[in-house]
Every structure is written in structure tokens, then in C-alpha cells.
Amino acid sequence: MHFKTNKKIVVTAMLCMAMVAAQTFAQKEHDEKPKNLKVLPKDIGGEELHNMMRDFSKSLGVKCSYCHVSQDMGEGQRPKFDFAADDKPEKGIAREMIKMVSAINSNYLAQIK
């Protein structure tokens, strides 16, 4: 009985440590200052940008690699992204679409009372 209790405590502690490590890693990704912003505000925060990109991804039904350059890191590993790179034409198209929506919102929808 004593062994089972200790085993549960150890397993629980390990799971908690894994969750903290994962949260720290995720937070680090959001803390980095975004680079190569040409359409979005230069002062946008990392977390706000991440949330916006996630919304775009879900709305379009695509993954990050659709617009961003990615490098496969092997099976079971997350790909490594170069989010600042402009190599993929889809990223340029996305920028033009963001400009178009902004123009529609400010030039036309703002006129509606």
C-alpha cells in the first residue's frame, strides 16, 4: 500500500513538471518579438500575433506551413519555422488579403450608419 501511494505521488509530480515545462516553452515562443511585419502593426505582441495566426489557420483549414517556411525535424518532433521568411507566395497573398479587408473596413463599412 505504501509503495502504491509513493508511486502515485511520483507520477503526479512528474506530470506536473511536464506541464510546467510545456507551458514555459509555449510562453517563450509568444515572448519573442515578431519580425518582418509588413501589414500588421509593428507593436503587436507575440501572443496576440499567435492568436491571430491561429484564427487564420483554423478559418482557412490549413496549417502554419501553408504560408510559413518550415523544416521537418523528424518523426514525433514539431517542425521548425522561419516565420520571418518571405519565400512562400501564399504569405504574400495573405498580406494582400489583410490589406484588402482593412481597406474594405475603413473605406466602405465605416461609411455605413
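Residues numbered from 1 in each chain as written. Predicted model: local features only at pLDDT ≥ 70, side-chain atom pairs only at ≥ 80, totals over all residues. Heavy atoms only, no water.

(A) Layout of the overall build of the protein. Each helix and strand counted, the protein has 3 helices and 2 strands in total. From first element to last, N terminus to C terminus, the protein shows the α and β order α-α-β-β-α. For the protein, with 113 residues in total, the buried portion stands at 12%. Across the protein, every contact between residues at least 6 apart in sequence was considered, and the portion connecting residues at least 24 apart equals 28%. Total accessible area on the protein stands at roughly 9,600 Å², and carbon and sulfur atoms take up 62% of it. (Helix = DSSP H or I, 4+ residues; strand = E, 2+ residues; numbered from the N terminus. Buried < 20%, exposed > 50% of the residue type's maximum accessible area, 1.4 Å probe, protein only. Contact = heavy atoms within 4.5 Å. Areas by Shrake-Rupley, 256 points an atom, 1.4 Å probe, with all protein chains shown as cover.)

(B) Quick peek at the pattern of salt bridges. According to the stated counting rule, one finds 4 salt bridges in the structure shown. In this structure, the salt-bridge partner of Asp-86 is Lys-38, at a minimum N-O distance of 2.9 Å. Residue Asp-86 is found in the loop between strand E2 (80-82) and helix H3 (89-107), and its partner Lys-38 is found in the loop between helix H1 (2-31) and helix H2 (46-60); the two are separated by 48 residues along the sequence. On the basis of relative accessibility, which here comes to 53%, the residue Lys-38 falls in the exposed class. (Salt bridge = Lys/Arg side-chain N within 4 Å of Asp/Glu carboxyl O.)

(C) How the structure looks around H2. End to end, H2 covers 21 Å across 15 residues, agreeing with the expected 21 Å (1.5 Å per residue, within 8%). Where H2 is concerned, the buried positions are Gly-46, Leu-49 and Ser-57. Down the axis of H2, the sector holding all buried residues measures 75 degrees, keeping them to one side. Along H2, exposed side chains directed more than 90 degrees from the buried face belong to Lys-58 and Ser-59. One or two residues past the end of H2 sits Gly-61, with phi positive at roughly 70 degrees. (Expected span 1.5 Å × (residues − 1). Arc of directions from axis to C-beta.)

(D) Examining the packing of aromatic side chains more closely. Summed over all chains, the structure comprises 1 aromatic pair. Considering the side-chain rings of Phe-81 and Phe-83, the 5.0 Å spacing of their centres and the 15 degrees angle between planes classify their relative orientation as stacked. Classification of Phe-83 by relative accessible area gives partly exposed; the value is 45%. (Phe/Tyr/Trp six-rings, centres within 6.5 Å; stacked < 30°, edge-to-face > 60°.)

(E) Representation of the side chain of His-68. Along the polypeptide, His-68 turns up in the loop between H2 and strand E1 (69-71). Beyond its immediate stretch of four places on either side in the chain, His-68 contacts Met-53, Phe-81, Phe-83, Lys-88 and Lys-91.

(F) View of unusual backbone geometry. At Asn-36, a residue that is not glycine, the phi angle is positive and equals roughly 60 degrees. Note on placement: Asn-36 falls in the loop between H1 and H2. The class for Asn-36 is partly exposed, based on a relative accessible area of 28%.

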